[in-house]
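# Examining the three-dimensional arrangement
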Amino acid sequence: MESYNSFKVAQQQILEAAKILNLDEATIELLSWPQKEIKFTFPVKLDNGKVKIFHAYRIQYNTARGPAKGGIRFHPDETVDTIRALAGWMTWKTAVVDLPLGGGKGGVVCNPKLLSERELENLSRGYIRAIAQFIGVDTDIPAPDVYTNPQTMAWMMDEYETILHAHQPGVFTDKPQQIGGTEGRRDATARGGVITVREACKILDVDPAGKFAIQGFGNAGQRAALLHHELLGAGKLIAVSDSRGAIYNPDGFDSTELVQYKLKTGSVLNFHGSKPISHESLLELDVNILYPAALENAISSANANNIKAKIVCELANGPTTPEADLILSKKGIHVIPDILASAGGVTVSYFEMVQDKYSYFWDEDVVHKRLDQKLTKAYHRVYEAVKEKNVHPRLAAMVVGVARVAEACKLRGWV
Ligand code: NAD
């Protein structure tokens, strides 16, 4: 498998888009680096009475189109470069779906699996005490990411409001609904992805009733299975996987039963009527649609030549390496890139911010309808760029996102 620095890859993607857009040197330099990086340490009192110092980041990549927006990760392998790359991708993602937001990301270098509930709460509150002055409803709005969740956001929001002596729910998104969260957030990422698949099937004349497979049966993967049937009216789910293994049934699984089974047993393995297959072979099945919904670099130069799907919908962040991207493009496989396919989550986060500002909340069907409008429009804008510039969809999505951010920087007189 290729090994590379995510931020170098992200910078290379910007360069490629900038070349197509004929951007000047100053704009390229501006867009190739974060505007603001906050690197800090903070203490947390552990259950055993000792104090541990944690290293953390918050990066605001570009705010020309609006406040920085992006998650906070609790992860042992976090580095400044992974956060820079992710903050940059959030910038292009919010621009591709045309949200009035910039991009950001944060993280704490820690292993949350080794921390108790109380230590996690102390960690969340300590992080906010250290960065409260840099975030806000009009400056930078965090959300959950790897190993953080709505409960983390609830603690963080409470700490932030305590510091400000004011009710400010819109400063975090993906909060529990009881304290300012929105309807429709839980399945927003998968819903956005399936909407883009629906549009791609129409354009490419791919049968949505055909076979599909899902790598990674967690939050995004499970929701994608259910929504694929709901939004496309059909489809046969023939293979799924999780970290413990992959399963296959050529006749198709009952997605609802499979989700219940996974929730009950913790794995998809041994589901009735299934045959175990290898992780690798799931990706290489003859399906119409493949949803990578697990980790980075699942499709690399080692397996890209064997991929047979007609459409690859990247629900995961960065599941395809740059080398694999070129191979898939040459094979004529239509990749719906992560900055478009997984943009449903941030889109509904934006809806949450709007509702929090007005203190007036929408019904679920309104959220779904508005999400559908945003993602459908974004898909077609990217597809137009594919044709206009004669480039593969990832580069086309970058061209659309980078062009919008560059234009905002220019209008502001930054470059
Ligand atoms: P999750 O932790 O709920 O699910 C991940 C699943 O992948 C788990 O079932 C896990 O067992 C499985 N997995 C891990 N290693 C695997 C492997 N080698 N092969 C097959 N399966 C494996 O996470 P999630 O929230 O569903 O996110 C999945 C991906 O989608 C991540 O890349 C995430 O960054 C991206 N994403 C999620 C959201 C969201 O709103 N949940 C938004 C944008 C992007």
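Notes on the structure in this doc start here. (Residues numbered from 1 in each chain as written. Predicted model: local features only at pLDDT ≥ 70, side-chain atom pairs only at ≥ 80, totals over all residues. Heavy atoms only, no water.)

## Some details on the packing of helix 6 (residues 188-204) against helix 13 (residues 364-389)
Where helix 6 meets helix 13, the closest approach of the two axes is 9 Å, and the angle between their N-to-C directions is 45°. As the angle between them shows, helix 6 and helix 13 are arranged oblique. The crossing of helix 6 and helix 13 is right-handed. Residues Ala188, Arg191, Gly192, Ile195, Thr196, Arg198, Glu199, Ala200, Ile203 and Leu204 of helix 6 form the contact with helix 13, whose participating residues are His368, Leu371, Asp372, Leu375, Thr376, Tyr379, His380 and Tyr383. Considered class by class, the residues forming the contact of helix 6 with helix 13 number 9 nonpolar, 5 polar and 4 charged. (Axes fitted to C-alpha atoms, helices over the stretch in contact; angles between N-to-C directions. Helix = DSSP H or I, 4+ residues; strand = E, 2+ residues; numbered from the N terminus. Parallel < 35°, antiparallel > 145°, perpendicular 65-115°, else oblique. Left-handed = near helix turned anticlockwise from the far one by under 90°. Contact = heavy atoms within 4.5 Å. Nonpolar A, V, L, I, M, F, W, Y, C, P; charged D, E, K, R; others polar.)

## Let's talk about the pattern of salt bridges
A complete count under the given rule lists 27 salt bridges for this structure. Note that Glu314 and Arg394 form a salt bridge whose closest N and O atoms lie 2.8 Å from each other. Here the residue Glu314 occupies a position in the loop between strand 11 (311-313) and helix 10 (322-330), and Arg394 occupies one in helix 14 (residues 393-411), the gap between them amounting to 80 residues. Overall, the relative accessible area of 0% leaves Glu314 in the buried class. (Salt bridge = Lys/Arg side-chain N within 4 Å of Asp/Glu carboxyl O. Buried < 20%, exposed > 50% of the residue type's maximum accessible area, 1.4 Å probe, protein only.)

## A few points about the sheet that holds strand 10 (residues 289-292)
With respect to topology, 7 strands assemble into an open sheet ordered 9-8-7-6-10-11-12, the strand pairing being mixed. At either end of the open sheet lies a strand with only one pairing partner, and these are strand 9 (275-277) and strand 12 (334-336). Sheet twist, expressed as the average angle between the axes of neighbouring strands with direction ignored, equals 20°. For strand 10 and strand 11, the ladder comprises 2 bridges, and the chain directions are parallel. Directly across from Ile289, in strand 11, lies its bridge partner Ile311. Its contacts with the sheet place helix 6 against strand 10, strand 11 and strand 12, and it is angled at close to 165° to strand 11. (Pairing = 2+ DSSP bridges.)

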